[in-house]
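Descriptive structure summary
What follows is each chain in one-letter form.
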Amino acid sequence: MNKKITVSVISDLTTDQRVIRICTTLQQIGFDVAVIARCFNDSLPLDKYVFKASRIKCHFRKGILQYAEFNSKLFIKLLFANTDYFLANDLDVLVPNYILSKTRNKKIFYDTHEYFTGVPELNQSHFKRKVWKFFENWIFPKLPVVYTVNNSVKNKYVEEYGNDIGVVRNVPISTQIERITLPERWKDKTILLMQGAGINEGRGGIELLLAMQYLPENYYLVYIGSGTLWDSIKQKISDLKLDNRVEMIGKLAPSELKKYTPLAHIGFSLDSFEDLNCLYNLPNKIFDYIHAAVPSVVTGIPEVAAIIKEYKCGICIDSIEPEKIANAILEITANETDYLLMKKNCKEAAKILCWENESEKIKEIYNPYL
């Protein structure tokens, strides 16, 4: 009989490509996988997966109440789950997983998607950061199996806690590129795309919008996703009278998002240098752009800069000042030969930076527990 692993994540799962990929791989190598995620009334419906998936319906969306509601309901689910192992995704679901791994004598795995206590939202509240750091300090050194998204996050946690930590990057599965029909309003435009479910403080969303003031009329900016700054960006578009040059599309399932990405001329990842979580980030969208053969303009944070420079598939900038962003956009589109070379480089990089290669690391981590 296959070993059962119960996976917890506070996302709604539908747009969480990392969790979907990892759980699919675990199911394929022989585990019986069941995911518990979160949903609201307006969440996208669950897709069809090879693993089992359920969601806890929640009402609170912000602050301590959202974590208290989800984790209390998650605790009950995990208490009665028929499982051999627990897999916790990030610090915001770790406490109930850890407590029940001890009381029920179950093995726990931990996938930390970021340097959690370095996020800008916590840096703005010392009390909240102190609370999360208390839980992390208590649990992290005791975790038997930990892996994360890149070497920068790994090194930070090794420095703090000394755990043996693996690295599994957020790279896509190689698939044939699909496109939707180019919308009429996008025709004859240079399409600029920022995508992601975390367009939050420190991610450059507002600054990219402000850069539009320095660009010719034929440049058209599209946001796809969600985030804490989503409504602020909407209001700013109106304030700047850019309604006819900027479009906002809400969260899309990964299968749908992949049809939009190849329509862009340039993709953007504009994480701040100031916050540790942003500084150590390696976003999914970098690899999504690469697989769609879309050159990128990125801030030169270490992990992202290493990818862009190694594969020569974009331009790194040293700040998110709107004028600098605009200048980089003009530079990347100024020379068609150079631009087409970047697109070619993206295609070559995609052959290496793919889940078919990266999933071998998941197999190495979990195979001993089958």
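The rules we used
Residues numbered from 1 in each chain as written. Predicted model: local features only at pLDDT ≥ 70, side-chain atom pairs only at ≥ 80, totals over all residues. Heavy atoms only, no water. Pairing = 2+ DSSP bridges. Helix = DSSP H or I, 4+ residues; strand = E, 2+ residues; numbered from the N terminus. Axes fitted to C-alpha atoms, helices over the stretch in contact; angles between N-to-C directions. Buried < 20%, exposed > 50% of the residue type's maximum accessible area, 1.4 Å probe, protein only. Contact = heavy atoms within 4.5 Å. Salt bridge = Lys/Arg side-chain N within 4 Å of Asp/Glu carboxyl O. Phe/Tyr/Trp six-rings, centres within 6.5 Å; stacked < 30°, edge-to-face > 60°. Lys NZ or Arg CZ within 6 Å of the ring centre and 35° of its normal. Parallel < 35°, antiparallel > 145°, perpendicular 65-115°, else oblique. Left-handed = near helix turned anticlockwise from the far one by under 90°. Nonpolar A, V, L, I, M, F, W, Y, C, P; charged D, E, K, R; others polar. Polar contact = N/O pair within 3.5 Å; in protein donor to acceptor, adjacent residues only side chain to side chain.

Right, let's talk about the sheet that holds strand β13 (residues 314-317) for a bit. Taken in spatial order, the six strands make up an open sheet running β10-β9-β8-β11-β12-β13, and their pairing is parallel. A strand with exactly one partner marks an edge of an open sheet, and here the two such strands are β10 (246-249) and β13. Strand-to-strand twist in this sheet, taken as the mean axis angle between neighbours without regard to direction, amounts to 20°.

Our next topic: helix α11 (residues 284-291). The buried count for α11 comes to seven of eight residues, which makes it a mostly enclosed element. All of the buried residues along α11 are Lys 285, Ile 286, Phe 287, Asp 288, Tyr 289, Ile 290 and His 291. In the core, the buried residues of α11 are packed alongside α1 (17-29), β8 (190-196), β11 (266-269), β12 (296-299), α12 (302-311) and α14 (336-352). Just downstream of α11 lies Ala 293, where phi reads positive at about 60°.

Tallied over the full model, the rule gives 17 salt bridges. Lys 363 is the partner of Glu 360 in a salt bridge, and the nearest nitrogen-oxygen pair spans 3.2 Å. Of this pair, Glu 360 and Lys 363 both sit in helix α15 (residues 355-366), separated by three residues, roughly a single helical turn. Judged by relative accessible area, Glu 360 falls into the partly exposed class, the value being 38%. Classification of Lys 363 by relative accessible area gives partly exposed; the value is 26%. Bridged by salt links that share partners, the residues Lys 133, Glu 136, Lys 156 and Glu 160 form one connected network.

Summed over the entire model, instances satisfying the criterion amount to 21 aromatic pairs. Centre to centre, the rings of Tyr 49 and Phe 51 are 4.9 Å apart; their planes meet at 5°, and the pair counts as stacked. With respect to burial, Tyr 49 and Phe 51 carry one shared label: buried. Note on Trp 132 and Phe 135: the rings are 6.4 Å apart at their centroids and 65° apart in plane angle, and the pair reads as edge-to-face. Residue Trp 132 and its partner Phe 135 are both found in helix α5 (residues 126-139); the two are separated by three residues, about one turn of the helix. Residue Phe 135 is classed as partly exposed on the basis of its relative accessible area, which comes to 24%. Counting every residue linked through ring pairs, the aromatic cluster contains Phe 31, Tyr 85, Phe 109, Tyr 147, Tyr 366 and Tyr 369. Its guanidinium or amino end placed over the ring of Trp 355, Arg 21 lies 5.8 Å from that ring's centre, counting from NZ or CZ. Its end group placed over the ring of Phe 40, Arg 61 keeps NZ or CZ at 4.2 Å from the ring centre.

At a minimum axis separation of 11 Å, helix α3 (residues 94-103) and α5 run at an interaxial angle of 30°. The angle between the axes of α3 and α5 places the two elements in the roughly parallel class. Once α3 is placed against α5, the crossing between them reads as left-handed. Between α3 and α5, the residues in contact are Leu 94, Val 95, Tyr 98 and Ile 99 and Phe 135, Trp 138 and Ile 139, respectively. Tallied by class, the residues present in the contact of α3 with α5 amount to seven nonpolar, no polar and no charged.

Right, let's talk about the sheet that holds strand β1 (residues 4-8) for a bit. Paired through backbone hydrogen bonds, the strands of a sheet run either parallel or antiparallel to each other. An order of β3-β2-β1-β4-β5-β6-β7 is seen for the seven strands of this open sheet, with the pairing classed as parallel. Edge positions in the sheet fall to β3 (52-57) and β7 (165-167), since each of these pairs with one other strand and no more. Here the average twist between neighbouring strands, direction ignored, is 20°. In this fold α3 packs onto β1, β4 (85-89) and β5 (107-112), with an angle of close to 160° to the strand it touches most, β4. Together, β1, β4, β5, β6 (145-148) and β7 form the strand contacts of α15, whose direction differs from that of β6 by roughly 170°.

Attention shifts here to the side chain of Asn 170. Structurally, the position occupied by Asn 170 is in the loop between β7 and β8. Using a relative accessible area of 9% as the deciding quantity, one classes Asn 170 as buried. A distance of 2.5 Å separates the side chain of Asn 170 from the side chain of Arg 18, its partner in a polar contact. A distance of 2.7 Å separates a polar atom in the side chain of Asn 170 from a polar atom in the side chain of Asn 284. Residues contacting Asn 170, with those up to four places away along its chain left out, are Arg 18, Arg 21, Val 149, Leu 282, Asn 284 and Phe 287.

With that out of the way, let us pick up the packing of α5 against helix α6 (residues 151-161). The geometry of α5 relative to α6 is characterised by a closest axis approach of 11 Å and an angle of 70° between their N-to-C directions. As judged from the angle between their axes, α5 and α6 are roughly perpendicular. In this structure, α5 uses Lys 133, Glu 136 and Asn 137 to contact α6, whose residues at the interface are Tyr 157, Glu 160 and Tyr 161. When the residues that make up the contact of α5 with α6 are grouped by side-chain class, the tally is two nonpolar, one polar and three charged.

Nothing here speaks to function; it is all geometry.
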